[in-house]
Structure formats: C-alpha cells, structure tokens
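# Notes for the structure review
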Amino acid sequence: EEPKRPENQLPAEVSACPGCERRFLVFTRKHNCLGCGKVFCKRCLNNWIYFPKEYQYDTVQNCCQDCYKELSSIDHTITFERFGDEHKDKTIILLHPATLTRKFWSYHANILSQKYRVYAMDIPGHGSRMDIPLNVNAAHDAITSLAIEEGLEPNKFVLWGHGMGGYLAISYGGANPGFCTAIIATNCGAGVDSSSSALRMAGHSLLLNVTKNSTLAGRPKEYLKDVEIK
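All of these numbers come straight from a predicted model, not from anything done at the bench. (Residues numbered from 1 in each chain as written. Predicted model: local features only at pLDDT ≥ 70, side-chain atom pairs only at ≥ 80, totals over all residues. Heavy atoms only, no water.)

### Focus: helix α3 (residues 136–149)
Spanning 14 residues, α3 covers 20 Å between terminal C-alpha atoms, matching the ideal 20 Å at 1.5 Å per step. Among the residues of α3, those classed as buried are Ala138, Ala139, His140, Ala142, Ile143, Leu146 and Ala147. In this structure, the buried side of α3 is in contact with β5 (80–83), β6 (91–95), β7 (117–121), β8 (157–162) and α4 (164–175). The opening residue of α3, the one whose side-chain oxygen lies 3.2 Å from the backbone nitrogen of Asn137, is Asn135. Positive phi appears at Gly151, one or two residues downstream of α3, with a value of about 70°. (Helix = DSSP H or I, 4+ residues; strand = E, 2+ residues; numbered from the N terminus. Expected span 1.5 Å × (residues − 1). Buried < 20%, exposed > 50% of the residue type's maximum accessible area, 1.4 Å probe, protein only. Contact = heavy atoms within 4.5 Å. Polar contact = N/O pair within 3.5 Å; in protein donor to acceptor, adjacent residues only side chain to side chain.)

Now the structure itself:
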C-alpha cells in the first residue's frame, strides 16, 4: 500500500505524549507528527527526513521516532557506509550537517571513491545513531570507533565535515592532533588565517581548509574529480 498523508489526531484526545509520557500542561504544547498524524510533544518530534513523494512535502520535515525508522531510507543496522577500493592509499571520512544523515554525501562519495577510500558516517543523534544523544565527546568517539573498526592507521585519513560536521571535524582535530592528516570544513564559518581560533583549535600541524557558504550540491562532477588530498 502506497504511503500517504495521515489524518491528524485531535489534540483533545491526548493528555500525555506517547513518546516520553510527559503530560501536556500549559507550557507543553501538542504537535501532530507529519508521518502518522499522532500527537506528540515537540521534543519527541525532533527527527528530520525527506518524506516519500506521496506525502507532498518539498522540504525536510520532522516526525516521530517510529515514522523516522519506517519511512527513512537509512539502513539502521549499520552506522556508516563504505565507498571505493579498500586498498586505495588515501582515505576520507565524511561528516554530515545537522538534521541530516550520511545519505547527504551519497552523490559526492560515489565520485570521490573513484580516487579515494571513502566513509560516510552518521553523527550521534542522527540516522542510525538517532538514539545516542549528540554531544562533542559522543561524536569524537563515533569517529574513532569507525577508524578502529576499519583498521585506519593514525595520520592516514582526512576528515571532511559540512556545516555541523565541519565544526566537529575541527574539534576532533584539536582533541586528537596526531590522528588525521587533514581537515576540510565547509559551510561552517569564515575563511581562516594563521591567527584564527579555528586553526588553533585544529592544531597547526593539520592542513585546514575552511570555506564559507559553500554549496556542495552545486559543485560539478569535474570539480569533485579534480579534488586532490595531499
């Protein structure tokens, strides 16, 4: 049966959120899930996806956890995807922006994998890691866990983060200065110079490339094919 927009449950029918069991009081507003129509508190609708076209939403929308798992294209049994030949000398780990998942990188990962070994991972609080609270330490642990699981040697991979992923890449470089060879941070702030706080955070030993307002989706294939990781 084709999915379709649900009929919204009437707010008056619900006295407590079915997600967290918190009672609806004066300052706890009721919200309908755009996936199933049931009433939840705002906190329990903090899952963002592109709905199937039958729902007729043109942009990313929020929904409850059950609808997220049912309707998203993410395979929740894995936390990262591998692209390219594992025997390639250079490796890139891709970190997605806030509210999105590793699928954000699918187009770019397929192109970059022609030259590099590429991993796209879910950041905690997103995708297959949606049940893990997002904080800097959890994100750092997820990156390190991927590197260990895949046998990536220290100082042998590049971190490329976009948006929130860019900030996490920079902070990871500062906390683990000998673990990655370079950081690429896009769409997460102004360009940096030798005295910038971002460069100091990442560590002067790292090659740090930060761009402002970079729309990766607008990059032509020719550009991505010519990207060189030193």
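There's more to say after this.
### A short note on the pattern of salt bridges
Under the defined criterion, the tally for this structure stands at six salt bridges. Residue Arg102 is joined to Glu81 by a salt bridge in which the shortest nitrogen-to-oxygen separation is 2.9 Å. With Arg102 in the loop between β6 and α2 (106–112) and Glu81 in strand β5, this residue pair connects regions lying 21 residues apart in the sequence. Taken individually, Arg102 and Glu81 each receive the classification buried, so the pair is uniform in this respect. Across the pair Glu150 and Arg82 runs a salt bridge, and its minimum N-O distance is 2.8 Å. Remark: Arg82 occurs in strand β5 and Glu150 occurs in the loop between α3 and β8; sequence separation between them is 68 residues. Exposure remark for Glu150: the relative accessible area of 14% places this residue in the buried category. Take Arg82: its relative accessible area is 47%, and that puts it in the partly exposed class. Salt bridges linked by common partners bring Glu81, Arg102, Lys103 and Asp122 together as one network. (Salt bridge = Lys/Arg side-chain N within 4 Å of Asp/Glu carboxyl O.)

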